[in-house]
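Chain residues, written in single-letter form:
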Amino acid sequence: MSLEVSMVKITIDGKYYEAKPEKNLLETCLSLGIDIPHFCFHPAMGSVGACRLCAVKKFRDKDDTKGRIVMSCMEPVTEGLIVSVDDPEAKAFRASIIESLMTNHPHDCPVCDEGGECHLQDMTVMTGHNYRRYDFPKRTYNNQELGPFISHEMNRCIQCYRCVRFYRDYAGGKDLNVFASRNNVYFGRHEDGPLENEFSGNLIEVCPTGVFTDKTLSKHFTRKWDLSNAPSVCVHCSVGCNTIISERYGSLRRIMSRYNGAVNGYFICDRGRFGYEFINDEKRIKTAQIRSNKDGIAEPVDNERLFAILDQSLSKDKNIIGIGSPRASLESNFALISLVGRENFYHGISKKEFLLTKTISEFLQNKSVRTPSLKQIEKADAILVLGEDLTNTAPMIALALRQATRNVPDEEAKKKGIPSWNDAPLRVLAQDARSPVFIATPFIDSLDVIAESIFRATPQDIANLGYSIAQKLDDRAPDSNTEKKDLKDLAGKIALSLKNAKNPLIISGISYGDEAIIHAALNITMALLSNGSNVMLSMVLPECNSMGLSLLPGKSFEDADLLGENKEIDTLVVLENDLFRRADENSVNELFKKSRQVIVLDHLSNRTTQKADILLPAATYAGSEGTIVNNEGRAQRYYKAIENKNQIKESWQWIRDFIKVRDTNHIVSWNRFDDIADSLANELPLFSKLKNYMPGADFRMLNTKIPRQTIRYSGRTAMNANIAVSETKLSQDHDSPLAFSMEGQPENPPSSLVPFYWVPGWNSVQAMYNYLDEPGGSMKGGDPGVRLFESAEEGNHIYFKHKAQITVVQKDEWLIVPVYQIFGSDELSSASTSILQRIHEPFVLMNKKDADIITVKDGDTVQLEILKIKLKVKVKIGKSIVQGLAGLSVNLPGMPFIDIPGRGKFHKL
Amino acid sequence: MKYVFIIAGVLLIALTIAAGLIWVERRLLSVWQDRLGPNRVGPFGLGQVVADTIKLFFKEDWVPPFSDRPVFVLAPGILMVTILLTFAVVPFGPNFYVYDSNIGILFFLGNSSLGVYSIVLGGWASNNKYSLIGAMRASAQMLTYEVFMGLSLMGVVMMADSFSFCKIVEAQKGGWFFIPQFIGFIVFFIAGIAETHRLPFDIPEAEGELIAGYHSEYSGMKFGMFFVGEYLGVTLISALIATLFFGGWLGPSFLPPVFWFLFKTFFFICVFILLRASLPRPRYDQLMELGWKVLLPLALLNLLVTGAILIFLK
Amino acid sequence: MISILRSMWLTFLHVFHKTETVEYPEVKPYLAPRYRGRIVLTRDAEKKERCVACYLCAAACPVDCISLQATEDKEGRRYPEFFRINFSRCIFCGFCEEACPTYAIQLIPDFEMAEYDRQNMVYEKEHLLISGEGKYPGYDFYKNAGVDMGVKGKGEGDNEEKPVDVKELLP
């Protein structure tokens, strides 16, 4: 993006404006605050001029009084352009378009989930169409069952084509299309069934009316105006998409994407959108419980008794060990460090994950490599994905990759004079031309369709490919020890492509647990850096705060000095972590056995909480404030939407109380969140940037806090009247600048504190225009989040040595490699009822020939024996998997921890 | 012993009338406003008086923490005492009076001046801006109207040649003074309304602008004393009008003199209430203007003419 | 002066006027059918709840005294899971009735709802629901709406065409 943009002068309704010439007129007007009704234009998808609603009048020159009606979304902004938005003819034209769309639109608004945040409602009001003259029969359609996430009501469709443009063109989905002809067109699947694309949830926001609505919301339906919202950050993968979480009557109702120009833009994936239901789960831990003896049953305990017990178990002479978590906030982990001391703080991740994450975070801190935001990923023009199934481990990166493939053809189109917003000609011109994407993964990958070359191999060969590429780019880099010709050829091709690109991008991650892959990816990056390339490196991590945790001091809890024989533990504090997902059962059990008292803080019941002697209810991310660091190194703060009732407290508050109990004279006096955030920034220099990067709890706009609720928020005097008719004082949020109230200035709070989008006249999510400096641009006042790695100094490139670590696979043994699933592999989201319906049974992926060897067919159940664990799994035959390699779905609910890659045997049942 | 009975009788009559006025006023006002008024408690709603009294007694006797406590408590008592003391010189019948003072009128004027203290102190002690404004208005209004209240009576005094109420009544045997002293009567009547700050001259209370003026902060029986004090004032002024201008107890002899006195008093009480029912409240400056620019000259003129005629007749 | 006496005289003459007061508990006043009194929830002709839990009444309520939660039955028909009106806050403005798109919520000519305990002024759905149709008989929202929520199938509504056959391409 060049800073020097030559501006052109245009005239709109007799007023002069300066505008950017690469934009279309509609975008320009919207960013200038001039409302033009529109349907089919979406900033992320460009214009196609299909709905005809954004009509304005264009004049040839100053003497032209008649003018002609043009579609503003198809009108490039040129020097001296004269248009009128308020022209009576243009207005009448727009009203007539709405009227004709309305002839078939049903009288559904009261039972339509879109009502109150409907773009069509807004546009109807905006154009002034208020009376239906047409009273002939309305067209109807039959609906489809589209799975657990999305409801379908085709009658409401206004044929703007936004859904298929998003689903097919933008997100690469295959199973939503447009059928039939003329005024009968139908948007749906070829048959009933769940929408398969991982981004189908965005149809809810993309659809300007109520054709696609949130099925999880309709189970506890609430209008937008009744929701109490807070800005949050998605915790279901390491990308850290920004979300708006919404509460009503104490339960979380839905999640919408929150715009962040640098991260997720307009969209989020389905795991993030529908993974919230665990928060309302009946199985949530709501009371503090204690177990008097190791095998007894946990019983609820009141605060007085609880603190009497804590007084003993946390007393000063006790030796306390703390285990942190990659899904807890920086502040909660830091509070635990303050309680137990740095030497007693352990990261609650496996030794392998700890090492790999540490390698990555240290590399990113010390080398002057760019970690791209999703926005920058979208700008890459040559991409190498080295051993990471992005669609399942970091779905939004996969979506960004799909956009990046358009950069090379779009560059070509620009030469032919087609502007970047003019979507249809761009796609026609591009045909199958794409920016080069190279994918090296063991199994079939949904990004394969956009790849120039696909390399299907074992993790070792993927690493070998990486080393070879690095060696081709820079002779000093160590070569792989493989002699495979096709691998070498491909490496040469990829190296050339990366070398020639302006913005090459390397994506890798730790999901295959292979150190060599990571070293290879880092070697390629260093090799490109030494070539002077503008390379970007994006490393996918397993959890939302994996990066943040790795920046904190401490070792893995699997480390010998914790699990070793002679370690004495009086009290073990486990913070928001199910250790049975992190290490094998025996060693975790061993750890619990030698701890005299185990204190666990968590939200959902799991195997670790069942072992707790003292179990404390911790608020979920929806009920707490915290900072998490995404894989890019961007620290982002989330806020609570739910008030914590009864004994539920935020983890940092629990641990603060522990500190008070343990040491009554302790200097730490964290009264509110700002205090702990400040101590974190003061004590750990790496986080000094976090100091005051967010408005503190004392922040006020027009002397009020920022309201979480809309000005239409209803039922204040009745919602608790069944309990007591006297209204209680509004609950206060002392930790944040947001208030549990409708009082205050609802428009344009600081960009990181936007609880919902609303502008007078714009009730739908399209109200976002008012919060951005331009459609698709940055938030006004800068995109939220602070990047921790920005100031990295020029490092010297010491290449990682190539390690020959060939797993010897015996005959009748297979190399078992993990397969991640967007739905199921994440701990918290897989407790959501809607996601649960999309989770597969545990399965193994294998080659057809391998299946023949053990004489099984697709869909059969086999027994897998791996590391002494026996599992019954379904067989899935996958194409192009190399022989001797099998993929095992991991982390699915109910599955034990298995330390793979490893060798396993199949037994036919 | 006789005095004890008379004092008890006077107190009984005065307080009964004052209390009964609560009911009378509400019923009369509603008659003139096409309503029914209190008619639920007891026969004709007469029990309302008792109910109201009980209510006042049982209300929390609250003294605002920000008030000047001793003065706050004292103020309503002053009003009651000054007005009840004046009743001592009012002749209910030829032999039915507590004390026939030869300076009865001066005693009345003196006591009514003291009544101002009650209101000013009550407003001041409340430590509330509305109360204070009410008290300030009351002091100005009552000082103003006292001036010609006294002057308006001087005609009567001249004609009766005495300050004693009994003598004045007896002097009216030949004809009630309201004919020769018509102007005096009008001026005294208006001044009487202002002295008792009844509607239309209830500017110190003026609920529309001052909440309840000087007694905003009062509740329970302290408020009740202001309340009863006002009705006592109305009764007193009515009794004095009857005494000074309408021949007091004089009347046809088929009924006892006390009855005539009470009848005339009650008539003027009704006129007071009728005034309240029909007239709006003037503005404060209009009230002062009327006092100083119209009524004072009128009273002086009346005095001049009466004096001249009396000298001429001698 | 004259005008003052005149107005006193006119006031006095009211002694002979008829009193307007209605002695309420003994004599019941006439209330017009559209009198805005107690709020009820009505049912349609098939005795099913008319309320579709659209939240418009709650949004229209100036004192925010209506709260409800939508839910769906097996056939997808929307209805309120709970519907609560806090009558100790209600000002009987009738906005909820005007906002209601289904004639479910209606204000009726009944105001005798005083209580000694304020908690009893909180009415839940079972207190609000009546078995009749109230002031607007015969209206059924689901027959006019496009949705299929178990009342009528697609294209069977009052003013609807048969559902489009997607596989047909005839002009």
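Residues numbered from 1 in each chain as written. Chains lettered and ligands numbered in written order. Predicted model: local features only at pLDDT ≥ 70, side-chain atom pairs only at ≥ 80, totals over all residues. Heavy atoms only, no water.

Remarks on the overall build of chain B
Summing up its helical and strand segments, chain B has 11 helices and 0 strands in all. Mapped from its N terminus to its C terminus, chain B presents α and β elements in the order α-α-α-α-α-α-α-α-α-α-α. A globule of 314 residues ought to have a C-alpha radius of gyration of about 20 Å, and chain B, at 20 Å, matches this closely. With 314 residues in all, chain B has 54% of them scored as buried. Expressed as a percentage of contacts within chain B between residues at least 6 apart in sequence, the contacts between residues at least 24 apart total 78%. The distance from the centre of the 20 positive side-chain charges to the centre of the 19 negative ones in chain B is 5 Å. (Helix = DSSP H or I, 4+ residues; strand = E, 2+ residues; numbered from the N terminus. Rg over C-alpha atoms; globule rule 2.2 N^0.38 Å. Buried < 20%, exposed > 50% of the residue type's maximum accessible area, 1.4 Å probe, protein only. Contact = heavy atoms within 4.5 Å. Lys, Arg positive; Asp, Glu negative; His and termini not counted. Charge placed at Lys NZ, Arg CZ, Asp CG, Glu CD.)

Side note on the layout of surface pockets
Residues and elements named next belong to chain A. Estimated volume of the second largest pocket: approximately 1300 Å³. Taken together, 43 residues form the lining of the second largest pocket, with Glu247, Gly250, Glu643, Lys645 and Asn720 sitting closest to its centre. Split into classes, the residues belonging to the lining of the second largest pocket amount to 15 nonpolar, 16 polar and 12 charged. Residues lining the lining of the second largest pocket come from more than one domain, with at least three contributed by each of domain 3 (221-280 + 698-784) and domain 4 (320-349 + 545-632 + 648-693). (1 Å grid on protein atoms, 1.4 Å probe; cavity = no way out; pocket = protein on both sides within 12 Å on 5 of 7 lines; lining within 4 Å. Points joined across faces, edges and corners; volume = space filled by probe spheres on them. Nonpolar A, V, L, I, M, F, W, Y, C, P; charged D, E, K, R; others polar. Domains from an automatic or database assignment.)

Looking at the arrangement of the chains
Contact analysis covers 2 pairs of chains in contact, and the most contacts occur between chains A and C. Looking at chain A next to chain B, you find no contact at all, with the nearest C-alpha pair sitting 23 Å apart.

Some thoughts on the interface of chain B and chain C
Taken together, the contact between chain B and chain C spans 13 residues of the former and 15 residues of the latter. Buried area between chain B and chain C, both sides added, is near 1300 Å², and the carbon and sulfur share of it is 62%. A per-residue breakdown of the area chain B buries against chain C is headed by Trp32, Asp34 and Arg40 of chain B, which together make up 43% of the total. Inspection of the chain B/chain C interface yields 2 salt bridges. As a salt-bridge pair, Glu23 of chain C and Arg40 of chain B come within 3.2 Å of each other at their nearest N and O atoms. The set of elements that each furnish at least two residues to the side of chain B that touches chain C consists of helix H1 (2-32) and helix H10 (257-278) of chain B. Looking at the side of chain B that touches chain C element by element, the count peaks at 5 residues for H10 of chain B. For the side of chain B that touches chain C, the residue count by class is 8 nonpolar, 2 polar and 3 charged. (Buried area = accessible area lost by both parts, 1.4 Å probe. Salt bridge = Lys/Arg side-chain N within 4 Å of Asp/Glu carboxyl O.)

Structural notes on the domain arrangement of chain A
Residues and elements named next belong to chain A. Partitioning chain A into domains gives domain 1 (8-102), domain 2 (114-219), domain 3 (221-280 + 698-784), domain 4 (320-349 + 545-632 + 648-693), domain 5 (354-541) and domain 6 (814-908). Relative placement of domain 1 and domain 3: their C-alpha centres are 31 Å apart. Tallying the contact residues gives 12 residues for domain 1 and 9 residues for domain 3. With both chains or domains summed, domain 1 and domain 3 bury close to 930 Å², and 62% of this area falls on carbon and sulfur atoms. Along the contact surface separating domain 1 from domain 3 lie 2 salt bridges. For Lys20, the salt bridge identified is with Glu774, shortest N-O distance 2.8 Å. In this structure, the connection of domain 1 to domain 3 is made through 4 residue pairs in polar contact (both at pLDDT 80 or more). (Polar contact = N/O pair within 3.5 Å; in protein donor to acceptor, adjacent residues only side chain to side chain.)

Thoughts on the interface of chain C and chain A
Between chain C and chain A, the contact holds 46 residues from the first and 50 residues from the second. Summed over both partners, the interface of chain C with chain A buries about 3700 Å², with 51% contributed by carbon and sulfur atoms. Counting the surface chain C buries against chain A, the share from its top three residues, Asp64, Lys154 and Val164 of chain C, is 17%. On the surface where chain C and chain A come into contact, there are 5 salt bridges. Between Asp113 of chain A and Arg78 of chain C there is a salt bridge, with its nearest N and O atoms 2.7 Å apart. Listed by contribution, the elements that provide at least two residues to the side of chain C that touches chain A are helix H2 (56-60), strand S2 (66-72), strand S3 (78-86), helix H5 (141-144) and strand S6 (160-163) of chain C. The element contributing the most residues to the side of chain C that touches chain A is S2 of chain C, with 6 residues. For the side of chain C that touches chain A, the per-class residue count stands at 25 nonpolar, 9 polar and 12 charged. With 2 bridges joining them, strand S6 (residues 138-140) of chain A and S6 of chain C adopt parallel strand pairing. Directly across from Lys138 of chain A, in S6 of chain C, lies its bridge partner Glu160 of chain C. (Pairing = 2+ DSSP bridges.)

What about the packing of helix H8 (residues 303-313) of chain A against helix H23 (residues 651-662) of chain A?
Residue and element names in this part refer to chain A. H23 packs onto H8 with a crossing angle of 60° between their chain directions and a minimal axis gap of 9 Å. Here H23 runs oblique to H8, going by the angle between their axes. H23 is crossed by H8, and the crossing has right-handed handedness. Here Leu306, Phe307, Leu310 and Asp311 of H8 lie close against H23, whose contacting residues are Trp654, Asp657, Phe658 and Val661. Grouping the amino acids of the contact of H8 with H23 by side-chain chemistry returns 6 nonpolar, no polar and 2 charged. (Axes fitted to C-alpha atoms, helices over the stretch in contact; angles between N-to-C directions. Parallel < 35°, antiparallel > 145°, perpendicular 65-115°, else oblique. Left-handed = near helix turned anticlockwise from the far one by under 90°.)

Section: the packing of helix H4 (residues 104-126) of chain B against helix H9 (residues 220-245) of chain B
Residues and elements named next belong to chain B. Viewed as axis vectors pointing N to C, H4 and H9 meet at an angle of 160°, and their least axial separation amounts to 13 Å. As the angle between them shows, H4 and H9 are arranged roughly antiparallel. Along this stretch, H4 crosses H9, giving a crossing that reads as left-handed. On H9, the residues that touch Ile105, Phe108 and Ser118 of H4 are Phe226, Leu236, Ile237, Leu240 and Leu244. Considering only residue class, the contact of H4 with H9 consists of 7 nonpolar, 1 polar and no charged.

Some details on the side chain of Asn229 of chain A
Residue and element names in this part refer to chain A. Of note, Asn229 is situated in strand S11 (residues 228-233). For Asn229, the side chain forms a polar contact with the main-chain oxygen of Leu227, separated by 3.3 Å. Separated by 2.7 Å, the side chains of Asn229 and Ser246 make a polar contact.

Notes on empty space enclosed by the protein
Inspection of the entire model under this criterion finds 16 cavities of 30 Å³ or more. Put simply, the largest cavity is a space of about 630 Å³. Surrounding the largest cavity, 32 residues form its lining, Glu353, Ser511, Pro542, Tyr820 and Asn891 of chain A being those nearest its centre. For the lining of the largest cavity, the secondary structure elements donating two or more residues are helix H10 (351-366) and helix H12 (390-393) of chain A. The element best represented in the lining of the largest cavity is H10 of chain A, accounting for 3 residues. By residue class, the composition of the lining of the largest cavity is 14 nonpolar, 8 polar and 10 charged. Both domains that furnish three or more residues to the lining of the largest cavity are identified here as domain 5 (354-541) and domain 6 (814-908) of chain A. Looking at the second largest cavity, its volume works out to about 210 Å³. Considering the residues around the second largest cavity, the lining is formed by 19 residues, among which Ile83, Ser112, Glu195, Thr196 and Gly233 of chain B are closest to the centre. Of all the secondary structure elements, the ones that give two or more residues to the lining of the second largest cavity are helix H3 (69-86), H4, helix H5 (129-160) and H9 of chain B.

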